[in-house]
Amino acid sequence: MAIKAERVSVRVGGASRPLLSDVSCTLESGQVTLLIGRNGAGKTTLLDVLGGLATFEGSITVDGLPLMTEKRGVASGLERTGQLFQYPEAQLFARSVRGEFDYSLRYLKLPGAEAKRRTEEAMREFGLAPELAGQSPLLLSGGEKRRVALASTVAPTPDWLLLDEPTAGLDPEAAEELLASLLRRKASGVGLVVATHDLDLLLPIADRVIALRGGRIAFDRPAAELAAQPELWAHAQLGKPLCVELTELLRESGESAPAAFWTPAEAADAWAAQLGRREAEGAAPSADSSPQPPEAAVTAVPEPLLAGNAGPSGSDDAAGANPSIRSLDPRSKWLFYMIFSIGIFVQRDWFGLGIGFVLTAALVIACRVPIRSLTPFVRPLLGITAISAVVSGIGMGGKPGEAAGLTIPFGNVELTFSIVSALATTLEFMKILCVLVGGILLSATTTPLEMKRGIEKLLMPLVLIRFPAEALSLAASLLLRFVPVLRKEAGRFGRIAKSRGKRVRRSGKMRLRDLPAMFVPLLLSLLQLASDLTLALEARGYTRTGLRRTSAVTLRLTRRDGATFAASAALLAVMLALPRLI
Ligand SMILES: Nc1ncnc2c1ncn2[C@@H]1O[C@H](COP(=O)(O)OP(=O)(O)OP(=O)(O)O)[C@@H](O)[C@H]1O
């Protein structure tokens with residue numbers, strides 16, 4: 001039984017290099033395989049790929065079954081794996097700890113008593129007191145959340161466990177218990193793939209070590225071989241872990257080399273034994289002859305592991321957008337957007353809308369915003385448009401003189417469908433679509449702070465007529481901030497549904513029936529955001545009116561902004577003239 005990855009690559013828009021390039025490896029069941037590498041090396045990405053959470057090129061089979069076809073996971077492949085996410089907050093969502101277990105076990109369709117037994121057993125194994133079962137996972141401590149995430153991952157007893165930083169946040173006792181639990185599972189034939197920086201704890205139990213460097217495999221060796229090849233650590237740009245240093249020092253001082261790595265406790269025993277032997281031989285250990293305490297090792301280990309991230313900066317859409325448009329003054333972008341929206345809404349026919357479409361497409365190209373960031377908004381709107389068009393076209397009894405219409409006998413009544421009405425509705429919705437795309441482009445090329453400052457400055461002259469410019473711009477920016485939160489939560493739940501619910505949907509998608517379960521965590525997350533915002537507003541004195549505040553963003557108009565103002569004026573003239581020209 002094995003997971004076989006062949007020439008796996010992962011590419012995402014906005015990243016300067018593939019997150020994984022041509023990764024091929026075979027992971028055996030009944031073994032502990034460590035994924036190691038510096039921050040940003042690609043460990044989490046590889047785990048996501050193995051867990052069916054990220055789309056990839058190449059092929060992956062889990063125990064001979066394909067993990068994915070095209071962009072969808074295959075349930076039989078997904079059900080063999082259980083994945084622990086890097087951060088427990090990203091994995092937990094239910095109203096209670098018990099609810100987390102119910103959700104993870106649901107796909108197995110177990111009888112209630114069996115599900116209860118597995119829940120209690122897993123909670124016991126990970127040191128979770130029974131009274132925690134009714135508590136909200138969001139209110140637990142960091143280490144407790146990690147334990148709940150671990151316990152609910154192992155409860156369905158998958159054949160493969162994909163664990164991302166499983167020891168992070170655990171106290172030493174809990175970490176030891178985790179090791180014991182991993183070894184028990186390994187003995188029962190479960191395959192364990194563990195991404196970790198905690199090498200001192202996990203190297204001694206590893207069978208295989210795969211080191212990643214910049215999304216590629218730097219080395220893939222049996223752990224026992226690594227002990228004899230210390231140069232490999234440098235090749236993977238990693239500092240030697242303490243257990244490796246200790247093993248080397250002891251070997252240099254004449255101790256017989258261990259087959260793999262000693263744990264720090266085993267190494268300490270070996271040191272004690274060696275010192276005891278020397279004392280018995282009557283030779284006081286001299287500074288020259290005795291092995292030096294591994295001070296260097298202590299400082300050498302964490303530093304390279306904690307060194308800066310060499311990878312791409314992230315997936316923020318604004319990061320990949322056209323820098324010349326990003327650097328424009330937000331006032332000119334707002335003005336252009338307002339004029340663009342007015343220009344679209346004044347169109348009365350398909351010709352004018354066609355021009356609007358061309359303009360919108362040109363803006364998408366010019367802004368270099370990836371199409372995938374538009375689709376989550378555009379697709380639902382197209383659906384709503386189709387439904388609205390159909391509904392608006394349906395009528396009872398024919399309209400005399402209507403050229404394009406369908407009449408469908410329906411019992412005693414005659415249903416009619418007016419294509420003219422349907423098209424008129426479609427036209428109105430298509431205008432909204434163009435304006436929506438324009439808004440997405442604006443927010444993808446402008447930071448929220450710049451947007452707020454831009455609209456505030458633009459509306460400032462209206463203060464003279466007592467227009468609440470500041471309040472309006474603040475409200476607009478707050479609204480804009482809630483959109484990314486909603487998107488993030490939707491993406492998070494899409495991952496949970498796939499990884500834990502084994503729902504074979506594309507990443508980021510969810511079933512309607514899963515929505516109620518998401519509602520409470522989403523609401524909590526929004527309330528948290530609202531509370532943070534209230535504090536920030538109070539701290540900045542927004543509760544008192546008439547104060548002058550310093551701004552985080554200083555705006556400066558350039559010649560290019562002048563050109564944008566001119567383009568906006570020309571656009572307004574053309575768009576207003578268009579309906580009269582036809
Ligand atoms: N959706 C994304 N868009 C763009 N870049 C991404 C995306 N997801 C991850 N990356 C980048 O891919 C690289 C690999 O990330 P990954 O999380 O796999 O690293 P890692 O080895 O797990 O790091 P760490 O040890 O810090 O957890 C990082 O540089 C990260 O910025």
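Procedures and definitions
Residues numbered from 1 in each chain as written. Predicted model: local features only at pLDDT ≥ 70, side-chain atom pairs only at ≥ 80, totals over all residues. UniProt positions renumbered as here; feature names shortened; annotations may be inferred. Helix = DSSP H or I, 4+ residues; strand = E, 2+ residues; numbered from the N terminus. Contact = placed C-beta atoms within 7 Å. Expected span 1.5 Å × (residues − 1). Buried ≥ 20, exposed ≤ 12 C-beta atoms within 10 Å, placed from the backbone. Pairing = 2+ DSSP bridges. Axes fitted to C-alpha atoms, helices over the stretch in contact; angles between N-to-C directions. pLDDT = per-residue confidence, 0-100. Core = buried A, V, L, I, M, F, W, Y, C linked by C-beta atoms within 7 Å. Domains from an automatic or database assignment.

- Going by the annotation in an unreviewed UniProt entry, the name recorded for the protein chain is ATP-binding cassette domain-containing protein, with Paenibacillus ginsengarvi given as the source organism.
- The Sequence similarities (unreviewed entry) field of the UniProt record for the protein chain holds the comment "Belongs to the ABC transporter superfamily."

### A look at the overall build of the protein chain
Alright, step 1. Across its full length, the protein chain carries 23 helices and 15 strands.
Alright, step 2. In the protein chain, 70% of the contacts between residues at least 6 apart in sequence involve partners at least 24 apart.

### What to know about helix α20 (residues 448–459)
Alright, step 1. Helix length check: α20, at twelve residues, gives a terminal C-alpha distance of 17 Å against a target of 16 Å (1.5 Å per residue), a fit within 8%.
Alright, step 2. Of the residues making up α20, those classed as buried are E450, M451, K452, R453, G454, I455 and E456.

### Re the environment of A270
Alright, step 1. Here A270 lies in helix α11 (residues 264–281).
Alright, step 2. On the basis of neighbour counts, which here come to 18 C-beta atoms within 10 Å, the residue A270 falls in the partly exposed class.
Alright, step 3. For the pair A270 and L246, spaced 24 residues apart in sequence, the C-alpha separation works out to 9.9 Å.

### Some remarks on the sheet that holds strand β3 (residues 32–36)
Alright, step 1. Strand order across the open sheet formed by six strands is β8-β9-β10-β3-β11-β12, with mixed pairing between neighbours. For this open sheet the edge positions go to β8 (81–84) and β12 (216–222), each flanked by a neighbour on one side alone. Neighbouring strand axes in the sheet, compared pairwise and without regard to direction, differ in orientation by 15° on average.
Alright, step 2. One ladder, built from six bridges, connects strand β11 (residues 208–213) with β12; its direction is antiparallel. Bridged to L212 within β12 is I217.
Alright, step 3. Packed onto the sheet, helix α1 (residues 43–50) meets β3, β8, β9 (160–164), β10 (191–195) and β11 and runs at close to 150° relative to β10.

### As for the UniProt feature "transmembrane region" (unreviewed entry) in the protein chain
Alright, step 1. The feature "transmembrane region" (unreviewed entry), as given by UniProt, occupies residues 334–365, 377–397, 463–483, 518–541 and 562–581 in the numbering adopted here.
Alright, step 2. With 88% helix and 0% strand, residues 334–365 has its two end C-alpha atoms placed 18 Å apart.
Alright, step 3. Spanning residues 562–581, this segment combines 100% helix with 0% strand, and its end C-alpha atoms are found 28 Å apart.

### Notes on unusual backbone geometry
Alright, step 1. Of note in the backbone geometry, R7 takes a positive phi value of approximately 45° without being a glycine.
Alright, step 2. Secondary-structure assignment places R7 in strand β1 (residues 2–10).
Alright, step 3. Despite not being glycine, K109 shows a phi value in the positive range, around 50°.
Alright, step 4. Here K109 lies in the loop between α3 (97–105) and α4 (112–125).
Alright, step 5. Overall, the presence of 7 C-beta atoms within 10 Å leaves K109 in the exposed class.

### What to know about the environment of P156
Alright, step 1. Among the structural elements, P156 can be located in the loop between α5 (142–154) and β9.
Alright, step 2. Spatially, the C-alpha atoms of P156 and T119 are 9.1 Å apart, while their sequence positions differ by 37 residues.
Alright, step 3. When residues no more than four places from it in sequence are discounted, the contact partners of P156 are G82, S104, L105 and L108.

### What to know about the confidence of the model for the protein chain
Alright, step 1. Per-chain confidence: the protein chain averages 79 in pLDDT, with 79% of residues scoring 70 or above.
Alright, step 2. Under a pLDDT of 50 for its full length, residues 284–317 has, in the predicted model, 51 contacts with residues more than four places off or in other chains.
Alright, step 3. Confidence metrics for the complex model read pTM 0.66 and ipTM 0.96.

### Here we look at the nonpolar core
In summary, soluble globular proteins display a tendency toward joint burial of nonpolar side chains.
Alright, step 1. L34, L35, A151, V193 and V194 are the most contacted members of the largest nonpolar core, which has 77 residues in total.
Alright, step 2. Domain assignment of the residues forming this core places at least three in each of domain 1 (2–264) and domain 3 (465–543).
Alright, step 3. If we skip the residues at most four places from it in the chain, L34 touches V194, T196, L202, L203, A206 and V209.

### What to know about helix α10 (residues 242–252)
Alright, step 1. The set of residues buried in α10 consists of L242, C243, V244, E245, L246, T247 and L250.
Alright, step 2. Immediately downstream of α10, the backbone of G254 shows phi near 95°, a positive value.

### A few points about the pairing of strand β4 (residues 57–62)
Alright, step 1. As paired strands, β1 and β4 are joined by five bridges and run antiparallel to one another. Along β4, the bridge assignment pairs I3 with V62.
Alright, step 2. Of the pairings in the sheet, the one linking β4 to strand β5 (residues 65–66) comprises two bridges and is antiparallel in character. Within β5, the position partnered with V62 by the bridge is L65.
Alright, step 3. Counting the residues that bridge the hairpin from β4 to β5 gives two residues, and of these D63 lies at a positive phi of roughly 50°.

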